Structures are given as structure tokens and as C-alpha cells.
Amino acid sequence: MSRTTEETASLAHYNTLRQRILAGEITPDMRLYESSLTTELGTSRTPIREALAMLERDGILKRERRGYRVHERTPQEVLDYFDVRNALESASAEAAALRATELERAEMVVMLKAAAAEQDPERRARIHNEWHRALLRASHNPALAEFVDRAEVLISLKRKPWQDSVAGSGQSQDEHQAVLDAVLARDPELARRLMAAHMSRARDHQLTLLTAR
């Protein structure tokens, strides 16, 4: 069934607002109103209302007495979502060891080689984050990718500076390589175990940052 013009507009505004929230352009101390967004985005109230409702259902916004705010997560919620990510990404590593195609395995090899050669920490971290997504795709389980993405989004709603990443570190390079070696060897149990250890270290790193504030 094709979308109506109104549904298409609602989805477009949803994507625009979601992107601005995740980029940090809309912060938890800002209040969002239908009326101001209607003017800003040059649209009618109905698609804006639906876009805001969709973001609320996703757990990205929370409704207040007047308007909406970004639903910033507590430190404990951040850690809880990391536990969810650990379970999901460990399962994805196990599945990738069983299901990854030859092309997917080759792509992941190339990505880690590129990360090892990259000198800029931010670009290196981006490559490693993309490698995680490549591993999720290689699991051939769209539900895993969907729920990991949801957990990542909700984690990201906690304000910086806690979000410093371990992805660009040399230890992450070694841990990702070990997971990939297990995937290449078609060893699902080892891939799961190594990914669980890697995600546990990432959680511990974030715990240190959260308690240091």
C-alpha cells in the first residue's frame, strides 16, 4: 500500500528531527513545540504532530505538559542498554560465523586493515563502528540489527562527555581482529565469547566515564 502525502511528510519530518537530535543539534534542555516546528519546517501541524508522536514511541522524545523534550537517559539506563547491546552483538557474532558470505568476510577483513592503517583517531573509530554494522549485516538477522540500532540511539541520548569511544583504541583493533578471526574460522562459540568480552570492556569504559563526572 502506498503512503499518503501526509504520511510521507510525517516520515520526512521524523527523519529530520531524529537526525538533528542524534547530531546534538536538539538537546535535552530544549523544548519542542508543534507550533514552532510547523513554522520552522514550513508544514502543517498534522505531520509534525505525527512525527513527534513517532519519536516519542521510539523513546527519543518525552511529552511534557507543554511540548516535548529529548528523553535523556540516566547513567543506569545507559549501562542497561549496554547489557542489551552485549547480548545482541554477541549473538550477531555467533550468527555471522555461521552465515557470513565470502564477500562479507572479505569486506570485514579490508575494513580492519584500513582501521589499522588509519592515523586519525576519529576516522579510525568510525571505521570500527562501521565494522560492527558490517558484522551485524553478516549475521543475516535483520531483527538483531534493528534492536542494536535502537539500543545505540537510546544510549546516545545521554549527554557528552561520557560518550568518549573506545572504538579507536589499539585494544579494540586487537579485539575486533580476534572476533573476525573466529568468524573466518567458522567458530560461532568463540566468536560469541570474544564479542561478549569486547562489549563488556566497552561497558566498563563507559561506567568509568559516567562515575568520573
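Computed from a predicted model, the values in this text were never measured in an experiment.

Here is what the cut-offs are and how they apply
Residues numbered from 1 in each chain as written. Predicted model: local features only at pLDDT ≥ 70, side-chain atom pairs only at ≥ 80, totals over all residues. Heavy atoms only, no water. Helix = DSSP H or I, 4+ residues; strand = E, 2+ residues; numbered from the N terminus. Contact = heavy atoms within 4.5 Å. Areas by Shrake-Rupley, 256 points an atom, 1.4 Å probe, with all protein chains shown as cover. Lys, Arg positive; Asp, Glu negative; His and termini not counted. Charge placed at Lys NZ, Arg CZ, Asp CG, Glu CD. Expected span 1.5 Å × (residues − 1). Buried < 20%, exposed > 50% of the residue type's maximum accessible area, 1.4 Å probe, protein only. UniProt positions renumbered as here; feature names shortened; annotations may be inferred. Salt bridge = Lys/Arg side-chain N within 4 Å of Asp/Glu carboxyl O. Axes fitted to C-alpha atoms, helices over the stretch in contact; angles between N-to-C directions. Parallel < 35°, antiparallel > 145°, perpendicular 65-115°, else oblique. Left-handed = near helix turned anticlockwise from the far one by under 90°.

For the rest of this paragraph, the subject is the overall build of the chain. In terms of regular secondary structure, the chain is built from nine helices and two strands. Along its sequence from the N terminus, the chain presents helices and strands in the succession α-α-α-β-β-α-α-α-α-α-α. Principal axes of the C-alpha set define a box for the chain whose edges measure 55 × 50 × 30 Å. Residue pairs in contact within the chain that sit at least 24 positions apart in sequence constitute 75% of those at least 6 positions apart. Only carbon and sulfur atoms are counted for the fraction: they give 51% of the accessible area of the chain, which is about 11600 Å². The distance from the centre of the 32 positive side-chain charges to the centre of the 33 negative ones in the chain is 5 Å.

A few words now on helix H3 (residues 45–57). Taking 1.5 Å of rise per residue, the 13 residues of H3 would be expected to cover 18 Å, and the 18 Å separating its terminal C-alpha atoms lies within 8% of that figure. Every buried residue belonging to H3 is among Pro47, Ile48, Ala51, Leu52, Ala53, Met54 and Leu55, and all of these are buried. On its buried face, H3 is in contact with helix H1 (5–22), helix H2 (34–41), strand S1 (61–63) and strand S2 (68–70). Directly after H3, the chain includes Gly59, whose backbone phi takes a positive value near 85°.

Mapped onto the present numbering, the UniProt feature "domain: HTH gntR-type" (unreviewed entry) falls at residues 7–73. Across residues 7–73 one finds 55% helix and 9% strand; the C-alpha atoms that close the span lie 29 Å apart.

Under the counting rule described, the total for this entry stands at 18 salt bridges. Close ionic contact of Arg20 with Glu40 constitutes a salt bridge, the shortest N to O distance being 2.9 Å. With Arg20 in helix H1 and Glu40 in helix H2, this residue pair connects regions lying 20 residues apart in the sequence. Among the ionic contacts, a cluster of salt bridges with common partners joins Arg20, Glu25 and Glu40.

If you trace the backbone, Asp204 turns up in helix H9 (residues 188–212). Look at Asp204 and you get partly exposed, because its relative accessible area is 44%. Between the C-alpha atom of Asp204 and that of Arg69, which follows or precedes it by 135 residues, the distance is 29 Å.

Let us look at the packing of helix H5 (residues 102–117) against helix H6 (residues 121–138). Where H5 meets H6, the axes come as close as 9 Å, and the angle between the chain directions of the two elements is 165°. In this view, H5 runs roughly antiparallel relative to H6, as classed from their interaxial angle. As for how H5 packs across H6, the hand of that crossing is left-handed. Residues Glu104, Met108, Met111, Leu112, Ala114 and Ala115 of H5 form the contact with H6, whose participating residues are Arg124, Ile127, His128, Glu130, Trp131, Ala134, Leu135, Arg137 and Ala138.

In this structure, Arg66 sits in the loop between S1 and S2. Using a relative accessible area of 55% as the deciding quantity, one classes Arg66 as exposed. Counting along the chain gives 32 residues from Arg66 to Glu34, while the straight-line C-alpha distance between them is 9.8 Å. If sequence neighbours within four positions are ignored, Arg66 has contacts with Arg31 and Tyr33.

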